[in-house]
Every structure is written in C-alpha cells, then in structure tokens.
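Tertiary structure, described
Chain by chain, the residues run as shown.
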Amino acid sequence: MRFLLSLLCLLSVSPSFAAKTVSTKAVAQITARGLTDAPVPAPEMSAIPEGRYWVVVRCSGPAERSRLAEIGLDIAEIKGGTVAGVISSGLLEVVERAGFKVQFKTSLEKYNASMGRDFPQQDQIYHNYDEQNSMLKDLAKQNVGAAALGTAGASSGGRGIAVIKISLPNPKYDSRGPDAPKKPAIALVGQHHAREHVSAEVPLNVASFLLSNKDNPKIKTLLENVDVYVLPSVNPDGAEYDIVGGSYHYWRKNARKLPDGNIGVDLNRNYDSFWGGPGASPNPSADTYRGPSAFSEPESQTVKAFFDGHPEVTICISYHSYGGDVMYPWGGSEGDISSAKDLQVFKKMTSDVAKLTGYRPSKSSEMYVATGDFTDWLYAAHNVFALTIELSPKGGGGGFYPGADAIGQMSPGNIDAVVYLMGFADNPYRLLDKEPKSLLDLQKEAAEKTAEKAEAK
Ligand SMILES: [Zn+2]
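The paragraphs below set out a description of the structure included in this document. What you are looking at is a predicted structure, and each value in this text was computed from that prediction instead of being measured.

Details of the environment of T151
- Relative to the elements of secondary structure, T151 occurs in strand β5 (residues 147-154).
- A relative accessible area of 10% means that T151 is categorised as buried.
- In the structure, T151 is positioned 151 residues away from T302 in sequence and 9.5 Å away in space, judged by C-alpha atoms.

Printed below as a string of structure tokens:
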C-alpha cells in the first residue's frame, strides 16, 4: 500500500518528465558489484535515554555555534542571535558554565507533544525499516534489468544497509576487460541522522521516479550513461530507535550501546576528515558524540567500504533535514578546499542545485564548523563532488517531523536536482564551461551530426 501511495504521489508530482507506467520488460540482469542480498533481521531495542531537553540558547556567529556543538548541543535551528536544538540534561550545566544563556528549555517529551506529530498515526506514508526494504524489493522486482538491490554492509545492530543500483545497459560500458571504460555514477545517501526521516524518503522517491520513468527518452539516455546508487538509510538502527513505541524521540545518533552505558555515535561526525576537531563532542552522552575514533562505527565503515569500492562515483548527495540548504565542503574547516578548480565546480553545482530546489547555497562551515563529516571525507578521500542537502518543506521550518505532505513537497525540486547532476556525472568539470553542456546536450549534438553525415552521403 505504501509503495502504491509513493508511486501515486510521484506520478502526481513528477517534474519535467512525463511519468510512464512501470515496465517489467526483462533485459540483461545487472548486478551491483560487491552487494549481497537479504537484509539481516532487526535486533532488540534498548531503552531510549531520558532527560534530554529542547533548548533555545543565545549565541552569535559560527565560532560560538561550533563551541556549543562541541559541548554536545545538537543544533537544529539557527535564528537571529539564538540556536535551538537537543541536549542531554547533564550537559545543560556545561553550556551554562561556559557562559551561554539558555533562554528556553522544555523536556523533549513535552516539545514532541507540542509539535503534535506521531509516526504511526499522522505519518503513515513514511517507511520504517521493513517497509523501506519491501519498497526497494518491489522496485527491484518490477524493474528487472534496470535495478539491482543489495546490502552495502550491516549496522551495529545487524540491520542490512540497503543499496539499490539503477542502471540501463550500454555497450560502451558493458564490455569486459582491463581497459573497458567504467560507467560513471552518482550516489544518493540518506539518513545519517536517525530522526531525519525525510532524508530517506526523498532518495527513495528519486529511485522510484527514475525507475518508473526509465522509458522516458531523457531518463533512458541518462541511465544508459550514468549509474545511480541509492543508499536511502545508512542509519537504520537509529531510525527504528527514533520511532520505537509509536512516538518520536528526536534521536540523531546510531543506536550502538557504548561501553559506558551511553547510546549512540553521531555518524556524521565519525568520518576520518578533521576528525576530533571542533564542532563535535568527545562526550559519549552528547548528541554530537564523534565516537572513540574515526570510523569506529559499522555504519560509517560500511559507507567508507562502499565508496572505496566504487571509484566510478563522481558526484554524491548526502541528505539531511531540515535547514533548507545546499552545502559544499569543507564542513570541518573554515578554510576552502585547496583546488581552486574544484572549488569553482562545487560553487557552480551548489548554486545550480539551490536554484532547482529553492534552498540556500553555502559552504558547510559557514553555518558552523563541524568535523568528521561524510561529504568532507568523500571529497578528500575520493575527489567526489559531494554535496549536503538540508531538505526543507516549502516555506522552511517544519522541524524534524514535518508531516506526511512534506515528502511530496520536497520531491520535485530534488528529483530535478538529481537529474540535472546526472547530466554532468561523466565530467563534472564541464560545469566550468561558459555554457555547460549536459550529457543530454552532447548526445543530441552527436545524433544531429550523425544525421547530417547520413544526409551528405
Ligand atoms: Zn542531519
């Protein structure tokens, strides 16, 4: 039912391309390299820690925000001279001792009640872990030859981290041998942070859109020339933990039980890029806990192994919510990346994606410096043009639980952005041209030339 709902939702929102019915035409079965089948069953859940607050704290500028994040405040909103977010009760004192003024605090339970959201009742359209997997299985089953489903690895709780590869055959890339050209790819990674459920729904919708429109000439050409890997949720334990008992828990981290009894590591502070620096907490009770070492977590290890094994990925989007931003590295340093050329590509890409989505373009660290970030690592380690998108419903805000309508609202612009980026996956540096030509433009030109030649004969 949910799958149908999502499809219906997609059919009604599909942006620039006419939606087509799902084709089950069987072509050569593709397999995603290094992927295995069948996600691992879910583990038992331990109790959600109590004593966390939603707070509003006076603070100005990126340096102070970074300091608060280091103490362990999980910053969700930046407004005027304040930030709002989640903090564990033990760390509230530390915030005050550090000289910050806490303007407002309320228990997360009360804050949650005031927001009036509840996953099972109002937000049925969202997919929990099992539902995500059955949606992905359905997509793979209904698109044999265009989709391959597998797991990239397992979470600390033993859940499979699903990856779906979307691809159409192309003789240019399908030949074997050491010199065969490798088909470029883009990757969409969702839900590093547990409670950002829309950050899984949007990439799921993108996958669904591409597959249900794979016979559309533009989408077909793109999928013949660019593979798309979608990892909708790299934090499945945290995501399940966040909705345990039928209400939301504002859970951000993974759900690994730490030796000291605390739970969870902030996966997006756990990558080996500026790890251990500002904007992440060394304190295991903090929502921004960076972990005992870089890549200490099975989830971040899984993501690392996936990208280490897929050097053909040139562009990546990491989805978060709910700021309404498109951001490029660095997040972990105030400085710029050292390659001036790459920086120009990032800036162009970010501003174009911002136009398509309606979000604000910026360098990640402009908001505040936060170290151990996934996109920083992916660019530093593999030169992937990796962007962070902070999804937001129209008009902004909406909190971490923006309700059922938000998914449909967010999807069209974000689908357009992915389709646009696919057009440059073979060579992102083409974005530096005065009038950048996408893969579709190049294919069209080539076809016209062939036609001219044929006429001349
Ligand atoms: Zn996030």
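Now that the structure has been shown, we can carry on.
Focus: the pairing of strand β2 (residues 74-79)
- Of the strand pairs in this sheet, β2 and strand β3 (residues 82-88) are connected by 5 bridges, and their pairing is antiparallel. Counted as the bridge partner of K79 is T82 from β3.
- Joining the antiparallel neighbours β2 and β3 is a turn of 2 residues, in which G80 adopts a positive phi near 50 degrees.

Topic: empty space enclosed by the protein
- According to the stated counting rule, one finds 3 cavities of 30 Å³ or more in the structure shown.
- Approximately 90 Å³ is the volume attributed to the largest cavity.
- Going through the elements one at a time, α5 (129-142), α7 (198-212) and α9 (236-242) are the ones with two or more residues in the lining of the largest cavity.
- No other element matches α9, which puts 3 residues into the lining of the largest cavity.
- When its residues are assigned to classes, the lining of the largest cavity shows 7 nonpolar, 6 polar and 2 charged.

Details of the packing of helix α10 (residues 298-308) against helix α12 (residues 374-382)
- Direction vectors running N to C along α10 and α12 enclose 30 degrees, while the axes themselves pass 11 Å from each other. Classified by the angle between their axes, α10 and α12 sit roughly parallel to one another. The crossing of α10 and α12 is right-handed. The segment α10 lies against α12, with V303, K304, F307 and D308 engaging F374, W377, L378 and H382.
- Residue composition of the contact of α10 with α12, grouped by class: 5 nonpolar, 1 polar and 2 charged.

Concerning the pairing of strand β1 (residues 52-58)
- Burial within β1 is extensive, with 5 of its 7 residues counted as buried.
- Here β1 runs beside strand β4 (residues 102-107); their pairing, made up of 5 bridges, is antiparallel. For V56, the partnering residue across the bridge sits in β4 and is F104.

What to know about α12
- Turning to α12, its buried residues are F374, T375, D376, W377, L378 and Y379.
- After α12 finishes, the residue N383 shows a positive phi value of roughly 55 degrees.

Here we look at the packing of aromatic side chains
- By the definition in use, this model includes 21 aromatic pairs.
- Look at F346 and Y379: their rings are 5.2 Å apart centre to centre, the planes differ by 70 degrees, and that puts the pair in the edge-to-face class. Taken as a pair, F346 in helix α11 (residues 340-357) and Y379 in helix α12 lie far apart in primary sequence, 33 residues in all. Both residues of the pair, F346 and Y379, belong to the buried class.
- Centre to centre, the rings of Y420 and F424 are 5.4 Å apart; their planes meet at 55 degrees, and the pair counts as tilted.
- Accessibility expressed as a relative area gives 21% for Y420, which makes it partly exposed.
- Classification of F424 as buried rests on a relative accessible area of 3%.
- Through a chain of ring-to-ring contacts, the aromatic side chains of Y229, Y271, F295, F306, F307, F374 and W377 assemble into a single cluster.
- One Lys or Arg, R290, reaches over the ring of W275 and ends 4.9 Å from the middle of that ring.

Definitions and limits used
- Residues numbered from 1 in each chain as written.
- Predicted model: local features only at pLDDT ≥ 70, side-chain atom pairs only at ≥ 80, totals over all residues.
- Heavy atoms only, no water.
- Helix = DSSP H or I, 4+ residues; strand = E, 2+ residues; numbered from the N terminus.
- Buried < 20%, exposed > 50% of the residue type's maximum accessible area, 1.4 Å probe, protein only.
- Pairing = 2+ DSSP bridges.
- 1 Å grid on protein atoms, 1.4 Å probe; cavity = no way out; pocket = protein on both sides within 12 Å on 5 of 7 lines; lining within 4 Å.
- Points joined across faces, edges and corners; volume = space filled by probe spheres on them.
- Nonpolar A, V, L, I, M, F, W, Y, C, P; charged D, E, K, R; others polar.
- Axes fitted to C-alpha atoms, helices over the stretch in contact; angles between N-to-C directions.
- Parallel < 35°, antiparallel > 145°, perpendicular 65-115°, else oblique.
- Left-handed = near helix turned anticlockwise from the far one by under 90°.
- Contact = heavy atoms within 4.5 Å.
- Phe/Tyr/Trp six-rings, centres within 6.5 Å; stacked < 30°, edge-to-face > 60°.
- Lys NZ or Arg CZ within 6 Å of the ring centre and 35° of its normal.

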